[in-house]
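Inside the fold
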Amino acid sequence: MTSVKEFRVVEPATADGLGRGRFAFTDAYSVFDWGQMPDAIPRKGASLCTMGAFNFERLADAGVPTHYRGVVDPVAVEGGADPEDAVVPLAEAGAPPTEMAIELTQVPDLPYEGPDAGYDYDAFHAAGGENYLVPLEVVFRNTVPVGSSLRSRRDPSDLDLPFEEWPDESVGLPEPVVEFSTKYEEQDRYLSREEADRIAGRADVDALAALARDVNRVVTDRAEEAGFVHEDGKIECLYVDGELRVADVVGTFDENRFSYGGQQVSKEVVRQWYKRADPEWVEAVGEAKAAVADRDLADWRELCEEEPIDLPPEVLEAVSAMYAAGANAYTGTDWFDAPPVDEAVSAVRSLGE
């Protein structure tokens, strides 16, 4: 299980071909790379599964290859059907789905050799051969909000922006920026193009960047149609016999950052709440991440001396409504009994007041 969804193998991948499996989306959530947090957000899992399936089907219509096979119809499963026999397109599901059927690739172990040697990507690729999950996250950005890590790595002039220093407001980019970060290291880090190329193995970084731009375009266009602003996101990819396919899940309120009427409508709402309400834990997380580079230890959580607090009931209610109402608006279908998106957005906006 990942921090937010369970991974179910139906037929494992082999060196010779893809397997079959399913993601089971839960109501768990994660912020600041902590892993599963102490409570859960109702309807979150179904909202993300619904949005993810919707986007995968739009990508297929646009000719973008993915690992998506469909969703598991919960009504059919309740009636006794085997989940693999209940895989259907999203529109044929009788209720909001929580399981997504996918193709599986190999995910080799990534050995950690200590702070001096780092991670052994040669061993990873030797085990993966011609069929593996690329150990990178490909990040795309349409805006640069205040606090974005991009501001510490790039000057505005590098991005053809007409000012010398970053302003104290969100900045729209003339063209999307694509970056690469690690996927399986305990602490994510951004990479140069050369290092990303090495870590990608047989996968081509230019092709990965082009695929990310295609996904960004499809999600951005739909967001605009539904009244959202698509600010940034990421993709993961599998490589099989020379072809790249989009993997994991794309275009949800966890994988991507959206806003509506100037208000964040994404997991960023929860991140910002913790910064205000539990600054001791947020600070301890930052200190642990900074300290791990000087220790022969891959997992920074072992150094963190604080635990996160629970979300209060009123926060859980507002965030749950945000996920459900946002999914309704984005997909154009009332999958959930939720308030209008304007009302839900107003409620999460009030959390910061």
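Please read all numbers here as calculations on a predicted model, not as lab measurements.

Turning to the packing of helix H7 (residues 268-277) against helix H8 (residues 279-291), a few remarks are in order. Orientation of H7 relative to H8, taken along the N-to-C sense of each, is 105 degrees, at an axis distance of 5 Å. Taken as axis vectors, H7 and H8 run roughly perpendicular relative to one another. Here H7 contributes Tyr274, Lys275, Arg276 and Ala277 to the contact with H8, which in turn contributes Pro279, Trp281 and Val282. Looking at the contact of H7 with H8 residue by residue, the classes come out as five nonpolar, no polar and two charged.

For the rest of this paragraph, the subject is the packing of aromatic side chains. Per the counting criterion, the structure on display carries 20 aromatic pairs. With centroids separated by 5.8 Å and ring planes inclined at 75 degrees, the aromatic side chains of Phe54 and Tyr330 adopt a geometry described as edge-to-face. Taken together, the residues Phe54 in helix H1 (residues 44-61) and Tyr330 in helix H9 (residues 313-331) connect sequence positions 276 residues apart. Classification of Tyr330 by relative accessible area gives buried; the value is 0%. Between Phe228 and Phe258 the ring centres are 6.2 Å apart and the planes differ by 75 degrees, which places this aromatic pair in the edge-to-face class. Note that Phe228 is positioned in the loop between helix H6 (205-226) and strand S10 (229-240) and Phe258 in strand S12 (residues 257-260), a separation of 30 residues in sequence.

What follows covers empty space enclosed by the protein. Inspection of every chain in the model, using the stated rule, returns one cavity of 30 Å³ or more. Taken as a whole, the largest cavity spans an internal volume of roughly 40 Å³. Every residue lining the largest cavity is listed: Val4, Lys5, Phe25, Thr26, Lys44, Gly45, Leu48, Asp254 and Glu255. Sort the elements by how many residues they give to the lining of the largest cavity and H1 lands first, with three residues. Tallied by class, residues from the lining of the largest cavity come to three nonpolar, two polar and four charged.

Sheet architecture is open: five strands sit in the order S1-S2-S5-S3-S4, paired in antiparallel fashion. Two strands in the sheet have a free side with no partner beyond their single neighbour: strand S1 (5-11) and strand S4 (87-88). Here strand S3 (residues 68-72) runs beside S4; their pairing, made up of two bridges, is antiparallel. Along S4, the bridge assignment pairs Val71 with Val88.

Our next topic: the pairing of strand S7 (residues 136-144). Counting buried positions along S7 gives nine out of nine residues, so the element sits mostly inside the fold. Sheet topology note: the S7/strand S8 (residues 171-182) ladder contains eight bridges and is antiparallel. Paired with Thr143 across the two strands is Gly172, which belongs to S8. Relative to S10, S7 runs antiparallel, the two sharing four bridges. Its bridge partner lying in S10, Val138 is registered against Ile235.

Rules used throughout
Residues numbered from 1 in each chain as written. Predicted model: local features only at pLDDT ≥ 70, side-chain atom pairs only at ≥ 80, totals over all residues. Heavy atoms only, no water. Axes fitted to C-alpha atoms, helices over the stretch in contact; angles between N-to-C directions. Helix = DSSP H or I, 4+ residues; strand = E, 2+ residues; numbered from the N terminus. Parallel < 35°, antiparallel > 145°, perpendicular 65-115°, else oblique. Contact = heavy atoms within 4.5 Å. Nonpolar A, V, L, I, M, F, W, Y, C, P; charged D, E, K, R; others polar. Phe/Tyr/Trp six-rings, centres within 6.5 Å; stacked < 30°, edge-to-face > 60°. Buried < 20%, exposed > 50% of the residue type's maximum accessible area, 1.4 Å probe, protein only. 1 Å grid on protein atoms, 1.4 Å probe; cavity = no way out; pocket = protein on both sides within 12 Å on 5 of 7 lines; lining within 4 Å. Points joined across faces, edges and corners; volume = space filled by probe spheres on them. Pairing = 2+ DSSP bridges.

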